[in-house]
Amino acid sequence: QVHLVESGGGLVQAGGSLRLSCAASGRTFSNYDMGWFRQAPGKEREFVAAITWSGGGTYYADSVKGRFTISRDNAKNTVYLQMNSLKPEDTAVYYCAAGRLGYLRERYYSPLNYDSWGQGTQVTVSS
C-alpha cells in the first residue's frame, strides 16, 4: 500500500480557490492511479476526480467539471486538486486515494477500487 497525506484544506468564501495536495510514500507512486473523493456530513463518499498513473487520463464528476483540475508530479510523489469557483456545496472532507485501476473509466468512480487512503482534509466554503 501507499501512505497518503493530504494538505491544503481550509475555509474559503464562495467563488474562491484552494489547491489540495496529497503526498505519497512507501511504494512507487508512479505505478498508481490516483483519485480524489469527498464526504459531506450525513452523505456517502463521492467521487471528485481521478488521474491515471501516467497523467495521461483524467476523469471528473459532473459537479466539478470545468472548476476543478487534477494533476500529478511523479517526481515529487504528489497529486494535486486545484479547485476554483468554489461553492458552498463543495464543503466536505476531501480524501485522496491510490490504486491500480486499469483502463475502464468506470473503475475510477468507485471508492471500492482504491487500496490506500489518506486521512482527509476539511474544505469549507462559506456563502
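Residues numbered from 1 in each chain as written. Predicted model: local features only at pLDDT ≥ 70, side-chain atom pairs only at ≥ 80, totals over all residues. Heavy atoms only, no water.

Some details on the side chain of Ser21
Inference 1: Considering the arrangement of structural elements, one finds Ser21 in strand β3 (residues 18-25).
Inference 2: With sequence-adjacent residues up to four places away left out, Ser21 is seen in contact with Val5, Glu6, Ser7, Trp36, Thr78, Val79 and Tyr80. (Helix = DSSP H or I, 4+ residues; strand = E, 2+ residues; numbered from the N terminus. Contact = heavy atoms within 4.5 Å.)

Some details on the side chain of Arg72
Inference 1: The residue Arg72 is located in strand β7 (residues 68-73) in this model.
Inference 2: A distance of 2.7 Å separates polar atoms of two side chains, one belonging to Arg72 and the other to Asn74.
Inference 3: Other than its neighbours up to four places away in sequence, Arg72 contacts Phe29, Ser30, Tyr32, Asp33, Met34, Ile51, Thr52, Trp53, Gly55, Thr78 and Val79. (Polar contact = N/O pair within 3.5 Å; in protein donor to acceptor, adjacent residues only side chain to side chain.)

Quick word on the sheet that holds strand β1 (residues 3-7)
Inference 1: A sheet is described by the order of its strands in space; here 4 strands give the open sequence β1-β3-β8-β7, paired in antiparallel fashion. The sheet terminates laterally at β1 and β7, the two strands that pair on one side only. Taking the axes of each pair of neighbouring strands and ignoring which way they run, one obtains an average angle of 15° across the sheet.
Inference 2: Across 5 bridges, the pairing between β1 and β3 is antiparallel. Note on β3: the bridge partner recorded for Leu4 is Ala24. (Pairing = 2+ DSSP bridges. Axes fitted to C-alpha atoms, helices over the stretch in contact; angles between N-to-C directions.)

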